[in-house]
Amino acid sequence: MTTRRSRFLPDVIPLQNWKRVLRMSQRKRTVEVPIHGSPETSGAGKVKSRSRRATIDLSRKLDKRGISSHGDLSTLDFMRALSTVVVVGIHYLGMTGRVPHAMGALPRVVVLMFFVHTSFVLMLSLERQQIKSPEKLWRRFMLRRFFRVYPLPIFVLAAIILFRIPSQMVPPSFQYLRLGTTGIISNFLLTMNLTRSDSILSPMWSLPYEFQLYFVLPALFLLVQRWRSPAPVFGLWCVALALALVQPVIPRVGRLDILEFVPCFVAGILCYKLSKTVKPMLPFVLWPILIPAFMFICLLSSNPNHWPAAWLACLLTALTAPFIRQAHNGVVRNVSHWLAQHSFGIYLSHYFCLWLAFRVNHFPWLAQWTIFVATMLLLPVALYRLIESPMISLGNRNWTNKPPIAKCAG
């Protein structure tokens, strides 16, 4: 005879039975949790395990931790959103010729700060993938990156070439860049840094470096997982900085200029490791002040490419972000998330929006700004829903496991 637990006594649920669920859950998730005690028996005499539904609430834990691997990234979302707005704003001023010469490299430094956000988020993605299935981690990661990065630039490049859309800014106008077959193929493959070809669309200059750094990110993730403290990661950043400083002075290694981007990428890994060990202590209100301060460090650099400023800006961002608390204002969170989610589409389409709104027509300024705002809102949404989101879903499929082959009877 089975004994039933009193409805007035709480069920005892050991944490080790659903530790895996906790690590992969987001804020709230309903799961089936086994109950220890006497099993129930069905009518056929079979033992039936008992379970109950439990709702896991992680919201309080997330508020205390700040940057979290469970999906609360409003701090970095705000950084990416603000960076996207700054890039578009500086390019608008560059089109009108009103941007000061000292701020000409600001968009470059801001784009390099994107690398901190990208590498941090990808480290979290690798962490989730390893928990789910540690096998074939590199292959699965690269397949997802391919479907995330390549489809949208391919579509944009095809539209530019097909319709001869001006995609090179020559203030105060835009021009269409004519390239040979090698240059066009290199743009579609995102290998312009290797073939020394010009970018058909100017803002695409950073994509080859970003995608090529993905090849070593899983190995760096596995390496960092072995270290308990952020100190070795900072040592790795110092090594990357030394290689970046040495590369320009070595003759005949110009195509290895990707080493100059490595400190920016490793800074995001350092930010990830810090977020696991420190607690956020600074209020979010400081973040909108610190990010522009880091960006404008480029004004202190005399280097034509502003490399020292970019490395310093990325490092300061990585060291500061884990200490910033998450935003609690719903408007700030939602707007930041929307801009961060559509930032890739904004980044690749804002030249077209500027050209269409301010250079194709001679409408009054109110009509031009209406066209600009409308296209900047609608075009990235269309690109995300029609191209980015379906390709992300396609890349998230389990391509690494072969489906079982059904055997025919007889």
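Coordinates for the structure precede this section.
Residues numbered from 1 in each chain as written. Predicted model: local features only at pLDDT ≥ 70, side-chain atom pairs only at ≥ 80, totals over all residues. Heavy atoms only, no water.

Quick word on the overall build of the protein chain
- Summing up its helical and strand segments, the protein chain has 17 helices and six strands in all.
- A burial count over the protein chain gives 46% of its 410 residues as buried.
- In the protein chain, once contacts between residues fewer than 6 apart in sequence are set aside, the share between residues at least 24 apart is 72%.
- Accessible area for the protein chain stands at about 22,100 Å²; split by element, carbon and sulfur atoms hold 63% of it. (Helix = DSSP H or I, 4+ residues; strand = E, 2+ residues; numbered from the N terminus. Buried < 20%, exposed > 50% of the residue type's maximum accessible area, 1.4 Å probe, protein only. Contact = heavy atoms within 4.5 Å. Areas by Shrake-Rupley, 256 points an atom, 1.4 Å probe, with all protein chains shown as cover.)

Examining unusual backbone geometry
- Looking along the chain, the bond that leaves Pro 171 and enters Pro 172 is cis, with omega of 10°.
- Mapped onto the elements of the fold, Pro 172 is located in the loop between strand S5 (168–170) and strand S6 (173–175).
- For Lys 136, which is not glycine, the phi dihedral falls at a positive 55°.
- Tracing the chain through its elements places Lys 136 in the loop between helix H4 (106–132) and helix H5 (137–149).
- With a phi angle near 55°, Leu 190 is a residue other than glycine that sits in the positive phi range.
- By secondary structure assignment, the location of Leu 190 is in the loop between helix H7 (181–189) and helix H8 (192–195).
- The exposure class of Leu 190 is buried, given its relative accessible area of 2%.

Details of helix H13 (residues 287–295)
- What H13 keeps buried is the set Trp 287, Ile 291, Phe 294 and Met 295. Summarising the axial view, the buried residues of H13 lie within an arc of 105°, below the 170-degree limit, and thus occupy one face.
- Tucked into the core, H13 has its buried residues touching helix H3 (74–96), H4 and helix H14 (307–320). (Arc of directions from axis to C-beta.)

Describing the packing of H5 against helix H10 (residues 217–225)
- For the pair H5 and H10, the least separation of the axes is 9 Å and the interaxial angle reads 130°. Between H5 and H10, the angle falls in the class oblique. The element H5 and its partner H10 pack so that their crossing is right-handed. Facing Leu 137, Trp 138 and Phe 141 of H5, the residues of H10 in contact are Leu 217, Pro 218, Phe 221 and Leu 222.
- Class assignment for the residues of the contact of H5 with H10 results in seven nonpolar, no polar and no charged. (Axes fitted to C-alpha atoms, helices over the stretch in contact; angles between N-to-C directions. Parallel < 35°, antiparallel > 145°, perpendicular 65-115°, else oblique. Left-handed = near helix turned anticlockwise from the far one by under 90°. Nonpolar A, V, L, I, M, F, W, Y, C, P; charged D, E, K, R; others polar.)

Remarks on the side chain of Ser 186
- Summarising the element assignment, Ser 186 is placed in helix H7.
- At a separation of 2.6 Å, a polar atom in the side chain of Ser 186 contacts the side chain of Thr 195.
- When residues no more than four places from it in sequence are discounted, the contact partners of Ser 186 are Thr 191, Met 192, Thr 195 and Ser 197. (Polar contact = N/O pair within 3.5 Å; in protein donor to acceptor, adjacent residues only side chain to side chain.)

Concerning the nonpolar core
- If you look at the biggest cluster of nonpolar residues, it comprises 103 residues, and the most contacted ones within it are Leu 106, Met 204, Tyr 214, Leu 217, Trp 287, Leu 348 and Phe 372.
- Element by element, the count of residues in this core is highest for H4, at 14 residues.
- Contact partners of Leu 348, with chain neighbours within four places excluded, come to Leu 152, Pro 153, Val 156, Leu 201, Met 204 and Leu 207. (Core = buried A, V, L, I, M, F, W, Y, C linked by side-chain atoms within 4.5 Å.)

Some thoughts on the packing of H13 against H14
- Running from N to C, H13 and H14 cross one another at 160°; their axes reach a closest spacing of 9 Å. Here H14 runs roughly antiparallel to H13, going by the angle between their axes. The two elements H13 and H14 meet at a crossing, and its hand is right-handed. Contacts from Trp 287, Leu 290 and Phe 294 in H13 reach Ala 313, Leu 316, Thr 317 and Thr 320 in H14.
- For the contact of H13 with H14, the class distribution of residues is five nonpolar, two polar and no charged.

Quick word on the pattern of salt bridges
- Per the stated rule, a full pass over the model turns up three salt bridges.
- A salt bridge links Lys 276 to Glu 127; the shortest N-O distance between them is 2.9 Å. One end of the pair, Lys 276, is in the loop between helix H12 (262–275) and H13; the other, Glu 127, is in helix H4, with 149 residues separating them in the sequence.
- On the basis of relative accessible area, Glu 127 is assigned to the buried category, the value being 13%. (Salt bridge = Lys/Arg side-chain N within 4 Å of Asp/Glu carboxyl O.)

Some details on the packing of aromatic side chains
- Within the structure shown, the criterion is met by 25 aromatic pairs.
- Where Phe 115 meets Phe 265, the ring centres are 5.7 Å apart and the plane angle is 85°; that geometry is what we call edge-to-face. In this pair, Phe 115 is assigned in helix H4 and Phe 265 in helix H12, connecting sequence segments 150 residues apart.
- Under the relative-accessibility criterion, Phe 265 is labelled buried at 3%.
- In this structure, Arg 145 is placed above the aromatic ring of Tyr 214, and the distance from its NZ or CZ to the ring centre is 5.5 Å. (Phe/Tyr/Trp six-rings, centres within 6.5 Å; stacked < 30°, edge-to-face > 60°. Lys NZ or Arg CZ within 6 Å of the ring centre and 35° of its normal.)

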